[in-house]
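# Observations on the three-dimensional arrangement
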Amino acid sequence: NVWRVKDHMKVVFNESRHGIYFYIRTAFFLDNNINGGSAKYNYSMVVDSIDVGGEEYSLDESTDDYVLVKIGDEDEYVSGDHEYNISYVLRVPDDRYDVSDYLYATVLPDDWNTSIGHFQFVLTFEKTLPEYLPQTLRVFSGPYGSIGNDLHIDVKADRKSITGCTVDVPPFNAITLFSEMENG
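Presented here is a report on the structure given in the accompanying data block. Quantities reported herein were computed from a predicted structural model and do not represent experimental measurements. (Residues numbered from 1 in each chain as written. Predicted model: local features only at pLDDT ≥ 70, side-chain atom pairs only at ≥ 80, totals over all residues. Heavy atoms only, no water.)

### Regarding the sheet that holds strand β7 (residues 66–72)
Backbone hydrogen bonds hold the strands of a sheet together, and the pairing may be parallel or antiparallel. Let me state the cut-off plainly: Following DSSP output, two strands are said to pair if at least two bridges run between them. Note on conventions: DSSP H or I runs of at least 4 residues are helices, E runs of at least 2 residues are strands, and numbering of each starts at the N terminus. For helices, the fitted line uses only the C-alpha atoms of the stretch in contact; every axis is such a line through C-alpha atoms, and the angle between N-to-C directions lies from 0 to 180 degrees.
Taken together, the three strands give an open sheet; going across it, the order is β2-β7-β6, and neighbouring strands pair in antiparallel fashion. The sheet is open, and its two edges are formed by β2 (19–25) and β6 (57–60), each paired on a single side. Strand-to-strand twist across the sheet, computed as the mean angle between neighbouring axes with direction ignored, equals 20 degrees. Of the pairings in the sheet, the one linking β2 to β7 comprises seven bridges and is antiparallel in character. Bridged to Tyr21 within β7 is Lys70.

### Topic: the nonpolar core
Applied cut-off: Joining through side-chain atoms within 4.5 Å is the link that ties buried Ala, Val, Leu, Ile, Met, Phe, Trp, Tyr and Cys residues into a set, and such a set is a nonpolar core. Only protein chains enter the area calculation, which uses a 1.4 Å probe; residues under 20% of their type maximum are buried, those over 50% are exposed, and those in between are partly exposed. Whether two residues touch is decided by their heavy atoms; if any such pair falls within 4.5 Å, the residues are in contact.
By size, the foremost hydrophobic cluster in this structure holds 46 residues, and its most contacted members are Phe22, Ile24, Tyr88 and Ile162. Every residue in contact with Ile24, bar those within four places of it in the chain, is listed here: Val47, Ile50, Asp65, Tyr66, Val67, Val69, Tyr88 and Leu90.

### Concerning the environment of Leu129
The residue Leu129 is located in the loop between β10 (116–124) and α1 (133–136) in this model. Residues Leu129 and Arg159 lie 30 residues apart in sequence; the distance between their C-alpha atoms is 4.6 Å. Discounting residues that sit within four places of it in the chain, Leu129 has contacts with Asp158, Arg159, Lys160, Ser161 and Ile162.

Right, here's the structure in full:
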């Protein structure tokens, strides 16, 4: 599976900074109960085709958990309002489940050390999603390890897209979407 990701951020720098750090998660794990048993799988994704819209940047790939994109110029400062456009390709490995497939997307990782005033996401799909997806889609939001929708994300899903938004996200909070689907 291939995900083509585009992020658009409006950032307000209250003090002068060189830019931002943008984390792209490359590792995750899933616990699944299959036929009464339990299986835990670790996954590693590959990131390529990173584009930061003409901004200067460097990559830190020293960990297996994420790729760190450092956006900005070490010789220049940014203050006030600034917009960033970041795009990249994520190559997601085979899910290794013979019984079912899944949708798993962390649309906001827990790496942001600042509050987010408004967060909105749109996931569009080339293939039609199952008609049962709106009923089976689960939202996990809040600090790392949250098992509920602690941030009360308003999510809508249909056969072609999943959208959502929220306001006033505290630092180090995440939003992840999950649904088990029929195999194939």
